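Residues per chain are reported as follows:
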Amino acid sequence: MLQAEGVQLLCLTASSGVPLFSRGSTKQLPFSVIGSLNGVHMFGDGQGALLSSCETDRGAQVVWRVFRDSVMLIAVSSGGDSTVTERQLCRLLENTWNCMVLVLGQEELSNVRNVERLKRDLRSCHRLIDQLLDPGDDESVMGYLTHCADCLLPPNPSLLQEALDAFTQAADSEFGCLLIRGRVAVATEKWWRLVSQEVVLLSLLVCCMSGTTSCDYPVFLPVGSPTVAHRLLRFQLLQGVDVCTLCGPAPSLHHAQAELVGRFWSPLMETLHGLLAQTQHSPVPSIALHPDILALLLINRETSRSLSLPGRPPTVTPQDGVPLPSSSRRWELLRLFYTFAITRYFTSGEAAAPPAEPLQEDFSQGFCHTPLHCYLVTEECKCYGLQTPQHQLFLMAALTMPTFALRSIATQTLTSITAATGF
């Protein structure tokens, strides 16, 4: 998570440097600083040099990126926030652009004819962009960083899948999804064929619509359909449970809500209530983890889906008296370890990522193979990462777990989760 008070996001026109919006930090940068950030990038561009990132002498990081020669996005992290990495800032800029395309379409952003009008139109993106800066209470959602869809695995998915397929077909669509607490429970085959970043942003957009029972929202798919809008119909079945579909002109919102929602989902209300209660603390309630595991992130590389599972409750008192990290701190540490591992070791699985950072460890220079395992021991926890052709597992354990046991426990955990769920 990128805490809003530590990161500021700036959007300007690429040609003239006119500010379009600023989100994030409550302490806004002075206009002179914004002008300097834009000016130094333009100067480098004029000299044939691409300025993509830098770090100040006070530890602040700045990342630039220009999209479609039209919009420049700049992310600035405060010098005191050492938990924000350059990779997170790069992902933030990429996600922000995709949010803008999702809401406004690529054509309007690529051909800026009226700057003041674009400023007004971009206000409709602010809430979605703010979600990228601060996802809220559910800190275990990591799709904005991994570009993999956050999922949960219901105990009996066949009933939900049949209801979703029938509901989507009745809505004259092939794209449907059931979200529980912002995670994909089941989705149609065509929904899974969307680019993973689109699935992540659509899930995030649905979460931004909480508070309304239904809505009809035009969206552009940043990769699949950046210039032609689709209708996103979203219905709240329960607090925290949403069903949505991408469709054409039909059906109307009123018809879908009055005729289709009740027909297909009313018989499953008891099932949804039970699933909501079961998954309140874990997306996979049936999995029993090793007691020393604090949290883990499992990524299916083939399907671009992920599971983030909490482990040992922070309220449990360790036998050796060493305090466990709080729930929010353990997710923060897991995100940092994920970033550490994929920028230094598991780089081959990041085809869609920005250019890889140079390896910082001298012994890594000249490696002729792709690392499959890595581990890290800190003052707060122990972390272990492993990579297979199909999966990546990032595991965080308490200090009480012997370091020599990390590999076997991580391998055993991966095997037990995939065997029990087929994930």
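Shown above is the structure to which this text applies.
Predicted, not measured: the structure shown is a model, and the values here were computed from it.

**As for the overall build of the protein**
For step 1, the next point in the chain: Counting its secondary structure elements, the protein contains 13 helices and 16 strands.
For step 2, the next point in the chain: By residue count, 51% of the 423 residues in the protein fall in the buried class.
For step 3, the next point in the chain: For the protein, the proportion of contacts with a sequence separation of at least 24, taken over those separated by at least 6, is 61%.
For step 4, the next point in the chain: For the protein, the accessible surface area stands at approximately 19000 Å², while carbon and sulfur atoms represent 53% of it.

**As for the packing of aromatic side chains**
For step 1, the next point in the chain: Going through the model one piece at a time under the given rule, you end up with nine aromatic pairs.
For step 2, the next point in the chain: Here the aromatic cluster, defined as three or more aromatic residues joined through ring pairs, consists of Phe337, Tyr338, Phe340, Tyr345, Phe346 and Phe394.
For step 3, the next point in the chain: Here the basic side chain of Arg305 rests over the ring of Trp192, its NZ or CZ set 3.6 Å away from the ring centre.

**Topic: the nonpolar core**
For step 1, the next point in the chain: The biggest cluster of nonpolar side chains holds 96 residues, and the ones touching the most others in it are Met100, Leu122, Trp191, Leu202, Leu232 and Phe394.
For step 2, the next point in the chain: Broken down by element, the residue count for this core peaks at eleven residues, all from helix α2 (residues 86-104).
For step 3, the next point in the chain: Once residues within four sequence positions are removed from consideration, Met100 is found in contact with Cys11, Phe21, Val71, Leu73, Gly105, Leu109, Leu122, Cys125 and Ile129.
For step 4, the next point in the chain: Grouped together as the second largest cluster of nonpolar side chains are 26 residues, Leu152, Leu164, Cys247 and Leu268 included.

**Observations regarding the environment of Gly385**
For step 1, the next point in the chain: Looking at the element boundaries, Gly385 is found in strand β15 (residues 382-387).
For step 2, the next point in the chain: Each residue touching Gly385, except ones within four places of it in the same chain, is listed here: Phe337, Phe346, Leu372, His373, Cys374, Leu393 and Phe394.

**Let's talk about the side chain of Asn98**
For step 1, the next point in the chain: Along the chain, Asn98 falls in helix α2.
For step 2, the next point in the chain: Sequence-distant contacts of Asn98, that is, excluding residues within four places in its chain, are made with Gln197, Leu201 and Pro222.

**Regarding the packing of helix α5 (residues 126-133) against helix α9 (residues 196-208)**
For step 1, the next point in the chain: Running from N to C, α5 and α9 cross one another at 110°; their axes reach a closest spacing of 10 Å. It follows from the interaxial angle that α5 and α9 lie roughly perpendicular. At the point where α5 passes α9, the crossing takes the right-handed sense. Only Leu201, Leu204, Leu205 and Cys208 of α9 make contact with α5, whose side of the interface consists of Arg127, Leu128, Gln131 and Leu132.
For step 2, the next point in the chain: Considered class by class, the residues forming the contact of α5 with α9 number six nonpolar, one polar and one charged.

Cut-off values and rules
Residues numbered from 1 in each chain as written. Predicted model: local features only at pLDDT ≥ 70, side-chain atom pairs only at ≥ 80, totals over all residues. Heavy atoms only, no water. Helix = DSSP H or I, 4+ residues; strand = E, 2+ residues; numbered from the N terminus. Buried < 20%, exposed > 50% of the residue type's maximum accessible area, 1.4 Å probe, protein only. Contact = heavy atoms within 4.5 Å. Areas by Shrake-Rupley, 256 points an atom, 1.4 Å probe, with all protein chains shown as cover. Phe/Tyr/Trp six-rings, centres within 6.5 Å; stacked < 30°, edge-to-face > 60°. Lys NZ or Arg CZ within 6 Å of the ring centre and 35° of its normal. Core = buried A, V, L, I, M, F, W, Y, C linked by side-chain atoms within 4.5 Å. Axes fitted to C-alpha atoms, helices over the stretch in contact; angles between N-to-C directions. Parallel < 35°, antiparallel > 145°, perpendicular 65-115°, else oblique. Left-handed = near helix turned anticlockwise from the far one by under 90°. Nonpolar A, V, L, I, M, F, W, Y, C, P; charged D, E, K, R; others polar.

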